[in-house]
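# What the coordinates show
Chain by chain, the residues run as shown.
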Amino acid sequence: QVQVVESGGGLVQPGGSLTLSCAASRSIFSFNSMGWYRQAPGKQRELVAGISLGGRTNYADSVKGRFTISRDNAKNTVTLQMNSLKPEDTAVYYCNANVVGGTSWGQGTQVTVSS
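Calculation criteria
- Counting restarts for each chain: residues are numbered from 1 in the order of the written sequence.
- In view of the model being predicted, local features appear only for residues whose pLDDT reaches at least 70, and side-chain atom pairs are presented and counted only at 80 or more, with totals across whole chains, interfaces and linings using the full set of residues.
- Derived side-chain values reflect all non-hydrogen atoms in the structure, with water molecules and hydrogen atoms excluded from consideration.
- Only strands joined by at least two bridges in the DSSP assignment are considered to pair.
- Helix and strand labels come from DSSP, where a helix needs a run of H or I of at least four residues and a strand needs a run of E of at least two; each type is numbered from the N terminus.
- Whenever a helix is involved, its axis is fitted only over the stretch in contact; in every case the axis is a line through C-alpha atoms, and angles between N-to-C directions fall within 0 to 180 degrees.
- Whether a residue is buried, partly exposed or exposed follows from its accessible area with a 1.4 Å probe, protein chains only, as a fraction of its type maximum: under 20%, in between, or over 50%, in that order.
- Under the convention used here, Asp and Glu are negative, Lys and Arg are positive, and both His and the chain ends fall outside the count.
- Here a salt bridge means any side-chain nitrogen of Lys or Arg lying within 4 Å of a carboxyl oxygen belonging to Asp or Glu.
- Polar contact is the term for a pair of N or O atoms within 3.5 Å; when the atoms are in protein, one must be able to donate a hydrogen and the other to accept it, and sequence-neighboring residues count only if both atoms are side-chain atoms.

## Examining the sheet that holds strand β1 (residues 4-7)
- Taken in spatial order, the four strands of this open sheet run β1-β3-β8-β7, and their pairing is antiparallel. With partners counted over all chains shown, the strands left at the sheet margins are β1 and β7 (67-72), one partner each. Averaged over all neighbouring strand pairs, the angle between strand axes comes to 15 degrees, with direction disregarded.
- In this sheet, strand β8 (residues 77-82) lies alongside strand β3 (residues 18-24) in antiparallel orientation, the contact comprising six bridges. In the sheet register, L20 faces β8, and the bridge partner there is L80.

## Observations regarding the environment of A23
- Looking at the element boundaries, A23 is found in strand β3.
- As for A23 and C95, which are separated by 72 residues in sequence, their C-alpha atoms are 8.9 Å apart.

## So, the side chain of E6
- Structurally, E6 can be placed in strand β1.
- One buried charged residue, E6, remains without a salt bridge, the closest side chain of opposite sign being R45 at 7.4 Å.
- Engagement of the side chain of E6 in a polar contact is seen with the backbone nitrogen of C95, the distance being 2.8 Å.

Rendered as structure tokens:
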């Protein structure tokens, strides 16, 4: 199995930017996919952005044009660049890794967008 750890959350004003990073415990070169999910209070966890082994990306409609997901196979990391943040982006953000044999989740990192 693989462990993933998120970092980079925090408090930011509306319109600001944050970069989240997800570090894997081993090489992500063969991972089927990795992604970022978020869960706001009282809401279900939802997919924010995903990236496949081949580099194909997909985004939730609510973040298209504002968020960018990327992966660095050499550093075993996946990054979520978040721009033009809105209060409705406030949530706990989780990293997800899909590998042969299972799925791993991180502990989450809090993102709060507020003035």
